[in-house]
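Given next are the chains, with one letter for each unit.
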Amino acid sequence: MPTTTKTASVFTDEERGAMKERAKELRASTKRGAKADTESQVLEKIAGMAEPDRVLAERLHALIKAGAPALTPKLWYGMPAYARDGKVVCFFQSAAKFKTRYAVLGFSDEARLDDGALWPTYFALTELNPETEARVSALVRQAVS
């Protein structure tokens, strides 16, 4: 006798929203043809964030631009991201994006953070102070080395 199962929603509303934002970004990039001013799009996204996410994102943007000027700011799933040759190296996920208790600084597999057989690629971020700024700057420099 065949059994039927109820299919639960696989993605949250926030995840579906992020996927829609990514699809919109991809459509816009194919229409642009020539290189667009993706940094202004990132700055606009950051400006629209609520505090404290906005403050963290603004400071991270400055740290990443200073520590890895070769990275290009762009939107990625509606989040500020920084890419090399079109591939995302690191990104900022606001706490509000997925209704979490902390923001995230994440690194993709394009980042060169390798340290033996195990290393972190996502970092919870609640504030930026001189110590955490120094750590972020070091991580970003290592990621692009």
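Look up a bit, the structure's there.
In this text the structure is predicted, and so the values were computed from the model without any measurement.

Peer 1: Could you clarify how one ought to interpret the packing of helix α2 (residues 38-47) against helix α3 (residues 53-67) in this entry?
Peer 2: A packed helix pair is summarised by two numbers, namely the angle formed by the two axes and the spacing between the axes. Look at α2 against α3: their axes get within 8 Å of each other, and the N-to-C directions meet at 155°. Relative to α3, the element α2 lies roughly antiparallel. Contacts between α2 and α3 pair Glu39, Val42, Leu43, Ile46 and Ala47 from the former with Arg54, Ala57, Glu58, His61 and Lys65 from the latter. Classifying every residue of the contact of α2 with α3 by side-chain character gives 5 nonpolar, 1 polar and 4 charged.

Peer 1: Even after reading the chapter, I still don't get helix α4 (residues 130-144), so can you show me in this structure?
Peer 2: Given 3.6 residues per helical turn, the α-helix brings residues three or four places apart onto the same face. Across its 15 residues, α4 extends 21 Å between first and last C-alpha, which sits within 8% of the 21 Å expected from 1.5 Å per residue. Turning to α4, its buried residues are Glu133, Val136, Ser137, Leu139, Val140 and Ala143. Angular distribution of buried residues about the axis of α4 spans 165°; they occupy a single face of the element. Along α4, exposed side chains directed more than 90 degrees from the buried face belong to Pro130 and Glu131.

Peer 1: Teacher, can you tell me more about the packing of aromatic side chains here?
Peer 2: Aromatic ring pairs are reported here in terms of the distance separating the ring centres and the angle at which the planes meet. Applying the stated criterion across every chain, the model contains 4 aromatic pairs. Here the aromatic rings of Trp76 and Phe91 are separated by 5.0 Å at their centres, their planes lie at 50°, and the arrangement is tilted. Taken together, the positions of Trp76 in strand β1 (residues 72-76) and Phe91 in strand β3 (residues 87-93) put the pair 15 residues apart, joining distant regions of the chain. Between the aromatic rings of Phe91 and Tyr122, the centroid separation amounts to 5.8 Å while the plane-to-plane angle is 70°, which identifies the pairing as edge-to-face. Taken as a pair, Phe91 in strand β3 and Tyr122 in strand β5 (residues 122-125) lie far apart in primary sequence, 31 residues in all. Feature note: the residues Trp76, Tyr77, Phe91 and Tyr122 constitute an aromatic cluster, connected by ring pairs.

Peer 1: What is the right way to look at the nonpolar core in this model?
Peer 2: If you look at soluble globular proteins, the nonpolar side chains tend to sit buried side by side. Counting residues in hydrophobic clusters, the biggest one holds 27 residues, and the most contacted among them are Leu60, Leu71, Tyr82, Phe92, Phe107, Leu125 and Val136. Top contributing element to this core by residue count: α3, with 5 residues. Ignoring anything within four residues of it in the chain, the contact list for Leu60 reads Phe92, Leu105, Leu125, Leu128 and Val136.

Reading the values: rules and limits
- Residues numbered from 1 in each chain as written.
- Predicted model: local features only at pLDDT ≥ 70, side-chain atom pairs only at ≥ 80, totals over all residues.
- Heavy atoms only, no water.
- Axes fitted to C-alpha atoms, helices over the stretch in contact; angles between N-to-C directions.
- Helix = DSSP H or I, 4+ residues; strand = E, 2+ residues; numbered from the N terminus.
- Parallel < 35°, antiparallel > 145°, perpendicular 65-115°, else oblique.
- Contact = heavy atoms within 4.5 Å.
- Nonpolar A, V, L, I, M, F, W, Y, C, P; charged D, E, K, R; others polar.
- Expected span 1.5 Å × (residues − 1).
- Buried < 20%, exposed > 50% of the residue type's maximum accessible area, 1.4 Å probe, protein only.
- Arc of directions from axis to C-beta.
- Phe/Tyr/Trp six-rings, centres within 6.5 Å; stacked < 30°, edge-to-face > 60°.
- Core = buried A, V, L, I, M, F, W, Y, C linked by side-chain atoms within 4.5 Å.

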